[in-house]
Amino acid sequence: MKARVHIEVTARDGTLVDTRDCHNAVMREGARLVADLFAGRGRAITHMGVGTSGDAETDAFTTTGLANVETDGAPALAGGTETAIPPEAFQAAEIDDTKRLVRVRVRATLPATAAVGTLREAGLLSRGDDGAILYNRVTFAPMTKGGDHELTMFWEITFPYGDLQWLM
């Protein structure tokens, strides 16, 4: 499993203000989320979120949420830091027979009033009645989102198929 995200901050007139391209790390509980699908206990990815922590992931990959705290002198983000991802935002899975991958793409946008401030991390979440599970997380160079900017993330998640012995 592998994913990458393209992030765009745009002004109200559609002008591109800033972009980032990064690869994510799957969190331990995110991997469990996918593994639980085999037992019929899995939950869907329901939200996209952002945060203020640019801290690198530890080797345990146990981060459970995205931070919204003062970081390096920059205040916490103003407004909401998550947005629900409607089912229609997920494109139908594509099969790439050349690379032996199944690819899923999703796009979601935080409105202008959300997450105003300095962003350093993002992730996909599964939110339920018992809280949220952080599936994956990316960190990136700080980017500023003003109160008149939208932030759109384009996620691409790939799942390999075939003889996967090379993963061992």
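No experiment lies behind these values; they were computed from the predicted model shown.

1. Some points on the environment of A115
Moving on, step 1. Here A115 shows up in the loop between β7 (101–110) and β8 (117–128).
Moving on, step 2. Beyond its immediate chain neighbours, meaning those up to four positions away, A115 contacts V50, L77, A78, G79, G80, L110 and K145.

2. Observations regarding the nonpolar core
Moving on, step 1. Core analysis: the largest hydrophobic core is formed by 27 residues, its most contacted members being V50, M153 and W155.
Moving on, step 2. Of all the secondary structure elements, the ones that give two or more residues to this core are β1 (2–11), β4 (47–51), β7, β8, β9 (131–145) and β10 (149–160).
Moving on, step 3. Residues contacting M153, with those up to four places away along its chain left out, are V5, H6, I7, M48, G49, V50, V106, R107, A108 and A122.

3. So, the layout of surface pockets
Moving on, step 1. Taken as a whole, the largest pocket spans an internal volume of roughly 300 Å³.
Moving on, step 2. What lines the largest pocket is L33, V34, L37, R43, A44, I45, F90, V104, L124, Y135, I157 and F159.
Moving on, step 3. K2, A3, L101, E156 and T158 are the residues nearest the centre of the second largest pocket, which is lined by 12 residues in total.
Moving on, step 4. Elements represented by at least two residues in the lining of the second largest pocket include exactly β1, β7 and β10.
Moving on, step 5. In terms of residue class, the lining of the second largest pocket is made up of 5 nonpolar, 2 polar and 5 charged.

Criteria and cut-off values
Residues numbered from 1 in each chain as written. Predicted model: local features only at pLDDT ≥ 70, side-chain atom pairs only at ≥ 80, totals over all residues. Heavy atoms only, no water. Helix = DSSP H or I, 4+ residues; strand = E, 2+ residues; numbered from the N terminus. Contact = heavy atoms within 4.5 Å. Core = buried A, V, L, I, M, F, W, Y, C linked by side-chain atoms within 4.5 Å. Buried < 20%, exposed > 50% of the residue type's maximum accessible area, 1.4 Å probe, protein only. 1 Å grid on protein atoms, 1.4 Å probe; cavity = no way out; pocket = protein on both sides within 12 Å on 5 of 7 lines; lining within 4 Å. Points joined across faces, edges and corners; volume = space filled by probe spheres on them. Nonpolar A, V, L, I, M, F, W, Y, C, P; charged D, E, K, R; others polar.

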